[in-house]
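Take a look at the letters that make up each chain.
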Amino acid sequence: MLKEFKAFIARGNVIDLAVGVIIGSAFTAIVTSLTTNLLNPFIGLFLGKIDLSNLVFSVGAAHFRYGAFLNAIINFIIVAFVVFLLVKGINKLMPKKPTETSGPTPTEQYLAEIRDLLKARDR
């Protein structure tokens with residue numbers, strides 16, 4: 001079982017996934033900081049409140065923190081846009097895989113027949 005686990009961990013996909021999760025969590029911290037420290041004060045200039053996370057409305061004893069929800073939406077949009085740009089960039093860098101054909105095209109078949117007929121005639 002230990003050998004199987006070692007083979008599983010040594011596969012590239014697992015290591016790539018681990019690196020992606022670590023970088024993703026670090027990137028999330030950066031985006032959260034960007035949102036709370038730069039974007040929210042900018043948006044707050046137009047709303048009259050600097051800190052969006054403190055926007056709350058209450059109904060009875062329930063408090064609805066829609067400002068924190070707005071922060072989460074802004075974070076999501078930023079992360080989604082950056083992931084989109086990364087995938088788009090990676091797709092441009094990756095070589096295109098040639099499409100596999102099931103056999104020769106009709107033109108190639110006709111050329112092969114002509115070649116074979118010419119070979120047979122010259123013999």
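Residues numbered from 1 in each chain as written. Predicted model: local features only at pLDDT ≥ 70, side-chain atom pairs only at ≥ 80, totals over all residues. Heavy atoms only, no water.

Student: Account for the overall build of the protein, with residues named and values stated.
Tutor: When its secondary structure is counted, the protein shows four helices and two strands. Start at the N end of the protein and walk to the C end: the helices and strands fall as α-α-β-β-α-α. Since a compact globule built from 123 residues should have a radius of gyration of about 14 Å, the 29 Å found for the protein marks it as more spread out than a globular shape. Its C-alpha atoms put the protein at 100 × 50 × 30 Å along the principal axes. Split into buried and exposed, the 123 residues of the protein put 9% on the buried side. Intrachain contacts of the protein at a sequence separation of at least 6 include 39% that bridge at least 24 residues. By element, 70% of the accessible surface of the protein is carried by carbon and sulfur atoms, the whole surface being about 10,700 Å². The protein carries 13 positive and 8 negative side-chain charges, and their two centres are separated by 9 Å. (Helix = DSSP H or I, 4+ residues; strand = E, 2+ residues; numbered from the N terminus. Rg over C-alpha atoms; globule rule 2.2 N^0.38 Å. Buried < 20%, exposed > 50% of the residue type's maximum accessible area, 1.4 Å probe, protein only. Contact = heavy atoms within 4.5 Å. Areas by Shrake-Rupley, 256 points an atom, 1.4 Å probe, with all protein chains shown as cover. Lys, Arg positive; Asp, Glu negative; His and termini not counted. Charge placed at Lys NZ, Arg CZ, Asp CG, Glu CD.)

Student: Requested: an account of a nonpolar patch on the surface, with residues and values cited.
Tutor: Taken together, the side chains of Phe57, Val59, Phe64, Tyr66, Phe69, Leu70, Ile73, Phe76 and Ile77 define a hydrophobic patch exposed on the protein surface, amounting to about 890 Å² of accessible area. Within the element layout of this structure, phenylalanine 76 appears in helix 3 (residues 66-93). (Patch = residues over 30% accessible without salt bridge, like charges linked within 9 Å, V, L, I, M, F, W, Y side chains within 5 Å. Salt bridge = Lys/Arg side-chain N within 4 Å of Asp/Glu carboxyl O.)

Student: For helix 3, give the residues involved together with the corresponding values.
Tutor: Given a rise of 1.5 Å per residue, 28 residues ought to cover 40 Å, and the 41 Å separating the end C-alpha atoms of helix 3 matches this to within 8%. For helix 3, the set of buried residues is Gly67, Asn71, Ile74, Asn75 and Ile78. (Expected span 1.5 Å × (residues − 1).)

Student: I'd like a rundown of the packing of aromatic side chains, residues and numbers included.
Tutor: In this structure the tally under the stated criterion is two aromatic pairs. Taken together, the aromatic side chains of Phe57, Phe64 and Tyr66 make up a single cluster linked through ring pairs. (Phe/Tyr/Trp six-rings, centres within 6.5 Å; stacked < 30°, edge-to-face > 60°.)

Student: I'd love a proper account of the pattern of salt bridges, names of residues and values included.
Tutor: Applying the stated criterion across every chain, the model contains one salt bridge. For arginine 115, the salt bridge identified is with aspartate 116, shortest N-O distance 3.3 Å. The exposure class of arginine 115 is partly exposed, given its relative accessible area of 45%. The partly exposed category is assigned to aspartate 116, whose relative accessible area is 41%.

Student: Hey, could you go over the environment of valine 83 for me, with residue numbers and the actual values?
Tutor: Within the secondary structure, valine 83 is located in helix 3. According to the relative accessible area criterion, valine 83 is partly exposed, its value standing at 43%. For the pair valine 83 and isoleucine 15, spaced 68 residues apart in the sequence, the C-alpha separation amounts to 19 Å.

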